[in-house]
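Read off the chains here:
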Amino acid sequence: MLKPYIYKIAVRYFFSKDKKTIVNRINGFAFFMIVSAACVLLLVLSGFAGLKNFGLTYTSSFDPELKIVQKTGSYFVISQDKLDMIKGIEGVLDASPVIEEKVALSNELNSGAVILKGVYDDYYMGKMLDSLSLIGAFSPSKPDAIYLGADLASSLEVVMSDDFSLLATAAKKNSRSLFSFFPFNTRILDIEGVYQISSDIENKFAFTSLKTLSSLMGVGENSYTSIEVVSDGSVNKSDLEKEVNALFASNFSVLDKQDLNPALYKMLNTENIAVYLIFSLVALISMFNLVGSITIMMVEKRKDLRVLEILGGQKKDFNNIFFSLGVFTTVFGTGLGLGVAWLLITIQNFYSFVYVPGTSIPYPVSLTASNVIIVFTTIVFMGIVTSAWSSSSNAKA
């Protein structure tokens, strides 16, 4: 444990100015670099977190919060009573059964593949889908109709006309072999509407009534591929899985958005780690200024330390004084850097002085407690190691 006078002397050295201007400049520059390192690291991590959240609102906006699927087999049968039991689970706000299958769409000139989702009239995303409508409207109550994305509609050269329709083709689910005489089912679908959000989603998803897709796939009534669950945020996927399997004899699995897009989330997490490591290296380089500051202070204060030695101070206490000085500089500098970063992030969120290049969209930033803790821990740890190494090395010299 450090002696009390060590802290007092270290604090005095930290706040007092030296008679020599060059010493003040070196100390001030070291403090400034620590402030800058903490500020920049938090800004970069917050900017990446903001871009991550912004991107996920588009790429995973059509993915349910939680999705119940069967572990073996693609289809399962569930009655309305059992569905109501799922809706009655604590924390579950809604549960929408759907059929989701890859279907080929074609007309006389063009063709393309899409994931076609069959839904009921009360589908929980109905209002959102209708709000995204570019032409027409989302209305799953209409039979033999399709609601598709703008990019896919453009590639298929869709025309909103009573005379225009698309041929949907899908493999029969009750067919044992593709070498049978009739391995595919087809159905003529009218264009109900076109939605617009992002090209990736527009090319991936299309919607129709559940009855229409059931008929196309050749499956029976109350047969579904999944149940999409909306919760109040208090439902854990593992707890929901236990409750669902306790209600039914079938073996169900519950997936969240990360399970539905593992490659996307893995890529984002890898990029986040890479950004953190790169800017942590920049912060480490800034610690060389702290080494110089501690070194020059030990040389400058040598006469003062001789007085302390005469008064009974020990040599190891002198090392601890400058170690404590380095720690104080790091902690105060990191705290100030985090404060400056918080101020800039707040200004960006309210007044938007930085925009995404080439657009009028404000650059998204997201300040999280985890990033603040990561930055504070990283910079302070580097400062402690640097201070310990610098003070001990200079003492030996």
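Placed above this text is the structure.
Just so you know, these numbers come straight off a predicted model, no measurement behind them.

How each quantity is defined
- Residues numbered from 1 in each chain as written.
- Predicted model: local features only at pLDDT ≥ 70, side-chain atom pairs only at ≥ 80, totals over all residues.
- Heavy atoms only, no water.
- Helix = DSSP H or I, 4+ residues; strand = E, 2+ residues; numbered from the N terminus.
- Buried < 20%, exposed > 50% of the residue type's maximum accessible area, 1.4 Å probe, protein only.
- Contact = heavy atoms within 4.5 Å.
- Areas by Shrake-Rupley, 256 points an atom, 1.4 Å probe, with all protein chains shown as cover.
- Phe/Tyr/Trp six-rings, centres within 6.5 Å; stacked < 30°, edge-to-face > 60°.
- Patch = residues over 30% accessible without salt bridge, like charges linked within 9 Å, V, L, I, M, F, W, Y side chains within 5 Å.
- Salt bridge = Lys/Arg side-chain N within 4 Å of Asp/Glu carboxyl O.
- Lys, Arg positive; Asp, Glu negative; His and termini not counted.
- Charge placed at Lys NZ, Arg CZ, Asp CG, Glu CD.

K.L.:
Looking at this structure, how should I read the overall build of the protein?
P.N.:
When helices and strands are tallied, the protein shows 13 helices and twelve strands. Burial statistics for the protein: of 397 residues in total, 41% are counted as buried. Sequence-distant contacts in the protein: of pairs separated by 6 or more residues, those separated by 24 or more amount to 78%. Accessible area for the protein stands at about 21400 Å²; split by element, carbon and sulfur atoms hold 61% of it.

K.L.:
Please clarify how the packing of aromatic side chains should be interpreted in this entry.
P.N.:
Working definition: an aromatic ring pair is given by the centre-to-centre distance plus the angle between the planes. Using the criterion set out here, one finds eleven aromatic pairs in the structure. Ring centres of F62 and Y195 lie 5.5 Å apart, and the angle between their planes is 45°; this geometry places the pair in the tilted category. Linking F62 in the loop between α2 (21–59) and β1 (66–70) with Y195 in strand β8 (residues 184–195), this pair joins segments that are 133 residues apart in sequence. Considered together, F62 and Y195 belong to a single accessibility category, that of buried residues. Taking the centre distance of 6.5 Å and the plane angle of 45° together, the rings of Y123 and F207 count as tilted. Of this pair, Y123 sits in the loop between β4 (111–119) and α4 (126–131) while F207 sits in strand β9 (residues 205–209), placing them 84 residues apart in sequence. Owing to a relative accessible area of 5%, Y123 belongs among the buried residues under this scheme.

K.L.:
What is the right way to read a nonpolar patch on the surface from this model?
P.N.:
Together, L336, V340, W342, L343, L344, I347, F350, Y351, F353, V354 and L367 make up an exposed nonpolar region whose accessible area comes to about 1100 Å². The class of F353 is partly exposed, set by a relative accessible area of 49%.

K.L.:
Whenever I open this one, the pattern of salt bridges confuses me. Can you help?
P.N.:
A side chain with one charge may pair with a side chain of the opposite charge, provided their charged atoms come close. Counted under the stated rule, the structure contains six salt bridges. For K71, the salt bridge identified is with E241, shortest N-O distance 3.6 Å. Of this pair, K71 sits in the loop between β1 and β2 (76–77) while E241 is found in helix α8 (residues 237–247), placing the two residues 170 residues apart along the sequence.

K.L.:
Help me out: how do you make sense of a negative patch on the surface in this one?
P.N.:
On the surface, E65, E90, D232, D239 and E243 cluster together into a patch of negative charge. The residue E65 is located in the loop between α2 and β1 in this model.

K.L.:
Explain the environment of A206 to me, please; I cannot follow it from the model alone.
P.N.:
On the secondary structure map, A206 appears in strand β9. Given the relative accessible area of 0%, A206 is considered buried. Through-space distance from the C-alpha of A206 to that of V114 is 6.6 Å; in sequence the pair is 92 residues apart.

K.L.:
Even after reading the chapter, I still don't get unusual backbone geometry, so can you show me in this structure?
P.N.:
If a residue is not glycine, its phi is most likely negative; likewise, a peptide bond is most likely trans. A positive phi angle, close to 65°, is found at N222, a residue other than glycine. Secondary-structure assignment places N222 in the loop between α7 (210–217) and β10 (223–224). In this structure, S352 is a non-glycine residue whose phi angle is positive, near 50°. Counting through the fold element by element, S352 comes out in the loop between α12 (315–351) and α13 (369–396). On the basis of relative accessible area, S352 is assigned to the buried category, the value being 13%.

Interpretation note: all reported values are geometric properties and have no functional meaning in isolation.
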